[in-house]
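# Coordinate analysis (summary)
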Amino acid sequence: MERIPILKMGSFLLVTIQVDMHDQLALALQDDLTSRVVSDRATGVLIDISALDIVDSFIGRMLGNIAGMARILDAETIVVGMRPSVAITLVELGLSLPGIRTALNVDRGMELLRSARNGETGDDGRQIG
Amino acid sequence: MVVKSVELPLRAQEDVVVVRQNARSLAVEIGLTIVDQTKIVTAASELARNTVIHGGGGKAILEILKDGPRQGLRLVFEDTGPGISDLERAMQDGYTTGTGLGLGLGGSKRLCSEFTIESKVGVGTRVTITRWKG
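### What about the interface of chain A and chain B?
- Counting residues at the interface gives 18 residues for chain A, matched by 24 residues for chain B.
- Taken together, the elements giving at least two residues each to the side of chain A that touches chain B come down to helix H1 (23-39), helix H2 (57-72) and helix H3 (84-93) of chain A.
- Considering each element in turn, the side of chain A that touches chain B owes the most residues, six residues, to H3(A).
- Of the residues belonging to the side of chain A that touches chain B, the class tally is six nonpolar, six polar and six charged.

The following block contains the structure:
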């Protein structure tokens, strides 16, 4: 079955969503990431959505689920690279992604994950919701 | 006046992706802005999923409209499913009969210029959305 690859970088897991996901693929990613947080003892998850031209309520819910499950497993999740048009559309759709931390790009997201690990709050960290 | 029309089946999850991609290319063709493209494609995704999951499958008809000098994109989603008994309630944010967030119908309405929904219990549901350029 088709899968979204998950990369390990130190104690962080990195995912770049490059394809137009159908719902089953999104659910598989949710399951895979949650399993990998435990098996890889990850402390952070970074999800790059810069290649996504839309985020609908299903993908939004998946991102929230991943963040929630990772948090219970003591890992922080950061979503990076959201396009401005996607942000505008999400808010009008009524989805403010509560509980999901975001950063502008991968660099800032990694910084946030590192500082979260050191018990500090990053300057550019933004909490939505 | 309809200047172009594409009919696509909506039977499985993968069909939702095909509808999204076709809606995107028509939105580009009529020159919608990136934000407007994103809005109509997102609405298409929500409604196409509804057709597959709640309507038990159906079809999407994607049309380019011309009304004098202005162009628009009209998307029709039809199913022959159970229908919706309480439309007013179905349109409310947060109301869902499934496991979703209940944002699909109300949210889609906010993302387009025109929105109509017709539904008959035991017959089916048809949702029509239009986004005009400009």
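Read on for the rest.
### Structural notes on the environment of B:Glu114
Residues and elements named next belong to chain B.
- You can see Glu114 is positioned in strand E4 (residues 114-120).
- It is 23 Å that separates the C-alpha atoms of Glu114 and Thr96, two residues lying 18 residues apart in sequence.
- Residues in contact with Glu114, not counting those within four places in the same chain, are Ile129 and Thr130.

### Observations concerning the packing of helix H1 (residues 13-29) of chain B against helix H2 (residues 34-53) of chain B
Residues and elements named next belong to chain B.
- The interhelical angle for the contact between H1 and H2, taken along N-to-C directions, is 155 degrees, at an axis separation of 9 Å. As judged from the angle between their axes, H1 and H2 are roughly antiparallel. In the packing of H1 onto H2, the handedness of the crossing is right-handed. Judged by residue contacts, Gln13, Asp15, Val16, Val19, Arg20, Ala23, Arg24, Ala27 and Val28 of H1 engage Gln37, Ile40, Val41, Ala44, Ser45, Ala48, Arg49 and Val52 from H2.
- The residue inventory of the contact of H1 with H2, partitioned by class, reads 10 nonpolar, three polar and four charged.

### Observations regarding unusual backbone geometry
Residue and element names in this part refer to chain A.
- The phi dihedral of Asp74 falls on the positive side, at around 65 degrees, and the residue is not glycine.
- Structurally, Asp74 is set in the loop between H2 and strand E4 (76-80).
- Judged by C-beta crowding, with 11 C-beta atoms within 10 Å, Asp74 ranks as exposed.
- The backbone phi angle of Leu97 is positive, close to 50 degrees, even though this residue is not glycine.

Thresholds, definitions, all that
Residues numbered from 1 in each chain as written. Chains lettered and ligands numbered in written order. Predicted model: local features only at pLDDT ≥ 70, side-chain atom pairs only at ≥ 80, totals over all residues. Contact = placed C-beta atoms within 7 Å. Helix = DSSP H or I, 4+ residues; strand = E, 2+ residues; numbered from the N terminus. Nonpolar A, V, L, I, M, F, W, Y, C, P; charged D, E, K, R; others polar. Axes fitted to C-alpha atoms, helices over the stretch in contact; angles between N-to-C directions. Parallel < 35°, antiparallel > 145°, perpendicular 65-115°, else oblique. Left-handed = near helix turned anticlockwise from the far one by under 90°. Buried ≥ 20, exposed ≤ 12 C-beta atoms within 10 Å, placed from the backbone.

These values are about where atoms sit, not about what they do.
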